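Architecture at a glance
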Amino acid sequence: MGLQQFERRLEHLVEGVFAKAFRGGLQPVELGRRLTREMDANRTVGVRGTIAPNAFSFALSPADQERFETFSDALIRELADAAREHARAEGYVFVGPVEVTLDTDESVSRGMFLVSGTVKEAAGGAAVGALVLSDGSRVPVADEPVTIGRMADCAIVLTDESVSRRHAEIRRLGSNIVVVDLGSTNGTKVNGAGVKERRLNDGDEITVGTTSMRFEAS
């Protein structure tokens, strides 16, 4: 399912002004297919479960790099999302954030590419994750807690009147990431259930007031 969604999104990326350029030659969706195969081929069993590569480097010919240049940032985001979706579908875990780079290699022929996927642990072996907001933007959980509320100094500022000024925060706790309610008026929910503090799992939906966001462990 994840790869199919990726392919549909890539079709939109190459529509319109890009359509003519991508009638032949290397297709962006080929990168996504190889990325998921790289994850399957290099997965390993660890303490946390089946660990998959999270850092991917693509080597492209100069000609293909030039063709992709106009939307390379969007392509990198889509490739990273494809990795996350494939990991979710297969039950893989990451030990660091997903990273994708597109590099130029003079030795690679046009229409061909190389890819390497490696397991790259987060600094200090810390838990990794991000909040995905309704507009698709991602807020990574790093060393500093991610505070949610109506105050301007919150990491995620909401105008929802049912949200308290400092409503909740997402923080690292050992090898886990947890959500903590900060004594809000209307409470914090995870997957519809009220919580004071709870460890987050990949795909959990966090609701504060009438606003929801998704936690992704990558």
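Scoring rules and cut-offs
Residues numbered from 1 in each chain as written. Predicted model: local features only at pLDDT ≥ 70, side-chain atom pairs only at ≥ 80, totals over all residues. Heavy atoms only, no water. Pairing = 2+ DSSP bridges. Helix = DSSP H or I, 4+ residues; strand = E, 2+ residues; numbered from the N terminus. Axes fitted to C-alpha atoms, helices over the stretch in contact; angles between N-to-C directions. Contact = heavy atoms within 4.5 Å. Salt bridge = Lys/Arg side-chain N within 4 Å of Asp/Glu carboxyl O. Buried < 20%, exposed > 50% of the residue type's maximum accessible area, 1.4 Å probe, protein only. pLDDT = per-residue confidence, 0-100. Phe/Tyr/Trp six-rings, centres within 6.5 Å; stacked < 30°, edge-to-face > 60°. Left-handed = near helix turned anticlockwise from the far one by under 90°. Nonpolar A, V, L, I, M, F, W, Y, C, P; charged D, E, K, R; others polar.

Taken together, three strands build an open sheet; the order of strands is S5-S3-S6 and the sheet is mixed. Each having just a single partner strand, strand S5 (99-104) and strand S6 (113-118) make up the two edges of the open sheet. Going across the sheet, the axis of each strand differs from the next one's by a mean of 15°, ignoring polarity. Pairing between strand S3 (residues 55-60) and S5: six bridges, direction parallel. Pairing of Ser57 across the sheet is with Thr101, part of S5. Sitting on the sheet, helix H2 (residues 28-41) touches S3, S5 and S6, and the angle it makes with S6 is about 35°.

Now for the pattern of salt bridges. Following the criterion strictly, the structure yields nine salt bridges and no others. Among the ionic pairs, Glu99 bridges to Lys120, the shortest N-O distance being 3.1 Å. In this pair, Glu99 sits in strand S5 while Lys120 sits in the loop between S6 and strand S7 (130-132), placing the two residues 21 residues apart along the sequence. You can call Lys120 partly exposed: its relative accessible area is 42%. Here Glu216 ties to Arg214 by a salt bridge, and the two come within 2.7 Å at their closest N and O atoms. Owing to a relative accessible area of 4%, Glu216 belongs among the buried residues under this scheme. Residue classification places Arg214 among the partly exposed residues on the basis of a relative accessible area of 36%. Where salt bridges share partners, they join Arg88, Arg138, Asp202, Arg214 and Glu216 into one cluster.

Our next topic: the confidence of the model for the protein. Looking at the protein as a whole, its pLDDT mean stands at 88, while 89% of the residues score no less than 70. The low-confidence segment residues 16-20 (pLDDT under 50) makes four contacts with residues lying over four places distant or belonging to another chain.

As a further point, take the sheet that holds strand S1 (residues 44-46). Pairing is mixed across the open sheet formed by three strands, whose spatial order is S1-S2-S4. The outermost strands of the open sheet, each flanked by one partner alone, are S1 and strand S4 (92-93). Note that S1 and strand S2 (residues 49-51) share three bridges and pair antiparallel. Of the residues in S2, the one forming a bridge with Val45 is Thr50.

Moving on, we come to the packing of aromatic side chains. As enumerated under the stated definition, the model contains two aromatic pairs in all. Seen in terms of ring centroids, Phe58 and Phe113 are 6.1 Å apart; in terms of plane orientation they differ by 45°. Their pairing is tilted. Pair noted here: Phe58 is in strand S3 and Phe113 is in strand S6, with a separation of 55 residues, a long-range link.

Packed helices, taken two at a time, are described by the angle their axes make and the gap between the axes. At a minimum axis distance of 10 Å, the contact between H2 and helix H4 (residues 72-90) shows a crossing angle of 35°. Judged by the sense of rotation from one axis to the other, the crossing of H2 with H4 is right-handed. Mapping the contact onto sequence places Pro28, Leu31, Gly32, Leu35, Thr36, Met39 and Asp40 in H2 and Leu75, Leu79, Ala83, His86 and Ala87 in H4. For the contact of H2 with H4, the class distribution of residues is eight nonpolar, three polar and one charged.

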